[in-house]
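# Analysis of the macromolecular model
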2 protein chains.
Amino acid sequence: MKKFGSLADFILEGNKHFLPALSIDNVVFGFHDNQLKVLLLKLKTINKWILPGGFIFKTEEIEDAALRILQERTGLKEIYLQQFHVFGSRKRNKQKFFKDLYKEMGIDLPDDSWILQRFLTLGFYALVEFEKVRPLADDLSAQISWWDVDKLPDLMFDHKEIIETALKDMRLKINHQPIGFNLLPREFTLKNLQSIYETILDRKLDRANFNRKILSYGILDKKEKQYTGGAHKAPYLYAFNKQAYFKALQEGLEKNF
Amino acid sequence: MKKFGSLADFILEGNKHFLPALSIDNVVFGFHDNQLKVLLLKLKTINKWILPGGFIFKTEEIEDAALRILQERTGLKEIYLQQFHVFGSRKRNKQKFFKDLYKEMGIDLPDDSWILQRFLTLGFYALVEFEKVRPLADDLSAQISWWDVDKLPDLMFDHKEIIETALKDMRLKINHQPIGFNLLPREFTLKNLQSIYETILDRKLDRANFNRKILSYGILDKKEKQYTGGAHKAPYLYAFNKQAYFKALQEGLEKNF
DNA sequence: ACAAAAGTGTTCTCGCTACACCCATGT
DNA sequence: ACATGGGTGTAGCGAGAACACTTTTGT
């Protein structure tokens with residue numbers, strides 16, 4: 001929110017620059033220690049966590065807004081993004097929350113503030129390379145960190161539902177999206193990739209069958225270099241063959257997991 | 001938009017009652033003559049067609065808004081609805097269009113009218129039983145009618161893209177949604193059902209294999225009664241077995257077309 | 001030597017495909 | 001009778017599941 005010099009400015013002037021009644025919430029997925037993780041912010045005043053979110057400038061494309069917000073929290077420029085759902089229950093009442101929140105920060109919100117009206121939020125999810133992310137908290141947050149998707153902390157509003165819906169959506173599109181490609185570093189083991197699929201699909205896969213199937217797509221290049229540091233036999237490293245991968249995705253990776 | 005006595009009222013007062021900058025557009029799918037159809041409105045003043053759409057009351061759930069709009073155009077109360085995408089390009093500029101449109105109807109829109117600002121639109125699609133629909137045009141439209149999805153007329157704004165995106169989304173979810181159930185009358189032939197799948201998937205299916213597979217789900221009851229009027233051999237009629245169908249859907253109709 | 005994880009092989013089953021054949025009915 | 005479309009049978013293939021066996025490496 002570069003346009004605003006201070007938080008107070010943002011509160012007073014925001015309605016002039018943003019689309020009204022609309023926010024964006026990003027579910028940022030990363031992958032580390034063979035675990036799928038989500039990036040969350042901890043509020044300064046309340047012991048709850050929220051998704052990195054923000055608003056859309058009146059002159060801005062909505063995807064660009066989501067990217068801008070993500071860039072501010074992760075430092076990344078190129079991010080794979082996917083719009084997946086609009087959350088709009090009028091029960092997601094943030095009024096009291098925002099009044100208290102800003103009060104504690106020394107700002108007295110007028111009752112007719114644009115920020116107190118009913119908001120719909122557009123849910124996006126992003127797939128990012130864990131190691132490249134430089135998490136940075138925002139003005140309202142004391143902390144930003146990664147959480148295992150299956151061990152989430154206490155979340156504000158409907159943000160837990162948003163994460164779960166994002167996961168469901170990914171499950172549906174797993175054979176049509178470059179999921180591993182965006183979550184993994186350039187070189188990785190088949191075990192890494194298998195863990196991602198297992199998390200998203202929420203079931204165990206047979207190692208032998210997984211390897212055969214994923215290799216049969218012809219989208220991975222085997223590197224002779226080997227990963228060291230593992231306690232036992234060193235696995236081969238693989239890298240996505242970009243060309244073959246995107247070609248295959250267009251046709252849909254028809255075989256299903 | 002019952003709350004408004006006249007179109008002028010709606011223009012002047014709408015911003016007090018509706019969520020700002022947001023509209024809803026519905027892609028209503030029906031099935032007739034073994035063809036998938038979409039319900040479209042023809043504008044009074046321009047020779048183009050649009051999707052039935054509307055706005056969301058500030059106190060209304062967004063799904064309820066979509067249902068209300070649909071009810072007004074189709075007369076149906078129970079409708080299967082699915083939110084599928086938000087369309088928000090700032091290029092979808094309706095300013096000139098609306099000014100001209102309302103001018104021709106004798107209303108002079110002020111430049112700062114709420115209806116001239118940038119709108120995002122929430123795309124929903126609905127699956128309805130063709131025969132039960134009683135299409136009813138709205139104040140801005142001269143005509144409402146069904147169009148084959150593969151022979152669409154000239155559409156306003158990005159409405160063609162919206163329809164195509166809806167179809168793609170249905171294709172993705174075809175094995176997880178009660179598609180046939182909502183589009184077909186209580187009793188129908190396997191050929192009818194096959195036509196729906198062929199349209200959505202955009203490819204021909206083998207009759208024998210389709211029949212076997214769809215029957216293997218155990219979600220159809222065979223009726224001994226037979227359809228007459230066909231030129232040749234009379235096919236059996238089938239009906240969905242509600243219980244079995246919804247149970248199977250929850251588990252995902254795992255086998256894929 | 002042993003444990004643990006990686007890599008590979010094998011067998012069985014089941015579903016999909018393609019196509020063939022028979023059945024029913026209106027002209 | 002024949003054309004047309006509906007219903008059903010079948011052979012072959014390929015993919016997936018389950019599980020066994022071998023290989024590598026650190027302790």
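Everything numeric in this text was worked out from a predicted model, so none of it was measured.

## A look at the overall build of chain A
If you tally the helices and strands in chain A, you get 8 helices and 9 strands. By the burial criterion, 54% of the 257 residues in chain A qualify as buried. Counting only carbon and sulfur atoms, one obtains 48% of the accessible surface of chain A, whose full area is about 12,700 Å². Once the 40 positive and 34 negative side-chain charges of chain A are each reduced to a mean point, those two points are 4 Å apart.

## With respect to the relation of the copies chain A and chain B
One copy of the chain maps onto the other through a rotation about an axis plus a displacement along that axis. Structural alignment of chain A on chain B gives an RMSD of 0.1 Å, achieved by rotating through 180° and translating 0.1 Å along the axis. Look at the turn and shift together and you get a two-fold axis relating the two. Here 96% of the interface residues in chain A have copies in chain B that are interface residues too; the copies meet face to matching face.

## With respect to the side chain of Lys-42 of chain B
Note that Lys-42 of chain B resides in strand β2 (residues 35-43). Residues within four places of Lys-42 of chain B in sequence aside, it is in contact with Asn-47, Lys-48, Trp-49, Ser-141, Ala-142 and Gln-143 of chain B.

## Considering unusual backbone geometry
Look at Asn-34 of chain A: it is not a glycine, yet its phi comes out positive at around 55°. Along the chain, Asn-34 of chain A turns up in the loop between β1 (22-32) and β2 (35-43). Positive phi, normally seen in glycine, also occurs at Asp-202 of chain B, with a value near 60°. Looking at where Asp-202 of chain B falls in the secondary structure, it is placed in the loop between α6 (190-201) and α7 (207-216). Its relative accessible area of 63% is what places Asp-202 of chain B among the exposed residues.

## Looking at helix α2 (residues 62-74) of chain A
Residue and element names in this part refer to chain A. Given a rise of 1.5 Å per residue, 13 residues ought to cover 18 Å, and the 18 Å separating the end C-alpha atoms of α2 matches this to within 8%. Buried residues of α2: Ile-62, Ala-65, Ala-66, Arg-68, Ile-69, Leu-70, Glu-72, Arg-73 and Thr-74, and no others. Downstream of α2 by a residue or two, Gly-75 has a phi angle that is positive, lying close to 75°.

## A closer look at the side chain of Thr-121 of chain B
All names here are of chain B. Of note, Thr-121 is situated in strand β6 (residues 120-127). Residue classification places Thr-121 among the buried positions, given a relative accessible area of 0%. Within the structure, Thr-121 has its side chain in polar contact with the side chain of Asp-25 (distance 2.9 Å).

## Some words on the interface of chain A and chain B
Each partner contributes to the interface: chain A provides 26 residues, whereas chain B provides 25 residues. Taken together, both faces of the contact between chain A and chain B bury some 2,100 Å²; the carbon and sulfur share is 58%. Its largest share of buried area at the contact with chain B, chain A owes to Glu-61, Arg-118 and Leu-172 of chain A, together 26% of the area lost on that side. Summed over the shared surface of chain A and chain B, the result is 0 salt bridges. Elements with a contribution of two residues or more to the side of chain A that touches chain B: β5 (80-87), β6 (120-127) and α4 (159-173) of chain A. Top contributing element to the side of chain A that touches chain B by residue count: β5 of chain A, with 3 residues.

## As for the pattern of salt bridges
For the structure shown, the criterion picks out 20 salt bridges over all chains. Between Lys-37 of chain A and Asp-148 of chain A there is a salt bridge, with the nearest N and O atoms lying 2.8 Å from each other. Here Lys-37 of chain A is found in strand β2, whereas its partner Asp-148 of chain A is found in strand β7 (residues 141-148), with 111 residues between them in sequence. In this pair, the class of Lys-37 of chain A matches that of Asp-148 of chain A, namely buried. Across the salt bridge formed by Lys-204 of chain B and Glu-198 of chain B, the nearest N and O atoms sit 3.6 Å from each other. Residue Lys-204 of chain B is classed as exposed on the basis of its relative accessible area, which comes to 71%. Salt bridges sharing common partners tie together Lys-37, Asp-148 and Lys-151 of chain A.

## A few points about the nonpolar core
Within the largest apolar cluster, 91 residues are counted, with the highest numbers of intra-cluster contacts made by Phe-10, Tyr-102, Ile-115 and Leu-122 of chain A together with Tyr-102, Ile-115 and Leu-122 of chain B. The contacts of Leu-122 of chain A, once residues within four sequence positions are left out, are Leu-22, Ser-23, Ile-24, Asp-25, Ile-56, Ile-62, His-85 and Val-86 of chain A together with Val-86 and Leu-120 of chain B.

## Section: the domain arrangement of chain A
Residue and element names in this part refer to chain A. Domain annotation of chain A identifies domain 1 (7-173) and domain 2 (187-251). Each of domain 1 and domain 2 was reduced to a C-alpha centroid, and the two centroids are 31 Å apart. Residue-level contacts link 6 residues of domain 1 with 8 residues of domain 2. For the pair domain 1 and domain 2, the summed buried surface comes to about 690 Å²; carbon and sulfur atoms form 68% of the total. Three residues, Phe-31, Asn-34 and Arg-171, lead the burial of domain 1 against domain 2; their summed loss comes to 66% of the area buried on that side.

## Details of the pairing of β5 of chain A
The side chains of a regular strand alternate between the sheet's two faces. Residues and elements named next belong to chain A. Burial within β5 is extensive, with 6 of its 8 residues counted as buried. Two strands pair when backbone bridges link them, and β5 and β6 are joined in this way by 7 bridges, in the antiparallel orientation. Bridge assignment links Val-86 to a residue of β6, and that residue is Leu-122.

## So, the packing of aromatic side chains
Residue and element names in this part refer to chain A. Following the criterion strictly, the structure yields 36 aromatic pairs over all chains and no others. Relative to Tyr-125, the ring of Phe-29 lies with its centre 6.2 Å away and its plane at 65°, an arrangement referred to as edge-to-face. With Phe-29 in strand β1 and Tyr-125 in strand β6, this pair connects stretches of sequence that are 96 residues apart. Judged by its relative accessible area of 0%, Phe-29 falls in the buried class. Classification of Tyr-125 as buried rests on a relative accessible area of 0%. Site record: aromatic cluster; members linked through ring pairs are Phe-18, Phe-55, Phe-57, Trp-114 and Phe-119. Above the ring of Tyr-236, the side-chain terminus of Lys-222 is found at 4.1 Å from the ring centroid.

Rules used in this analysis
Residues numbered from 1 in each chain as written. Chains lettered and ligands numbered in written order. Predicted model: local features only at pLDDT ≥ 70, side-chain atom pairs only at ≥ 80, totals over all residues. Heavy atoms only, no water. Helix = DSSP H or I, 4+ residues; strand = E, 2+ residues; numbered from the N terminus. Buried < 20%, exposed > 50% of the residue type's maximum accessible area, 1.4 Å probe, protein only. Areas by Shrake-Rupley, 256 points an atom, 1.4 Å probe, with all protein chains shown as cover. Lys, Arg positive; Asp, Glu negative; His and termini not counted. Charge placed at Lys NZ, Arg CZ, Asp CG, Glu CD. Least-squares fit on C-alpha atoms with pLDDT ≥ 70 in both. Contact = heavy atoms within 4.5 Å. Expected span 1.5 Å × (residues − 1). Polar contact = N/O pair within 3.5 Å; in protein donor to acceptor, adjacent residues only side chain to side chain. Buried area = accessible area lost by both parts, 1.4 Å probe. Salt bridge = Lys/Arg side-chain N within 4 Å of Asp/Glu carboxyl O. Core = buried A, V, L, I, M, F, W, Y, C linked by side-chain atoms within 4.5 Å. Domains from an automatic or database assignment. Pairing = 2+ DSSP bridges. Phe/Tyr/Trp six-rings, centres within 6.5 Å; stacked < 30°, edge-to-face > 60°. Lys NZ or Arg CZ within 6 Å of the ring centre and 35° of its normal.

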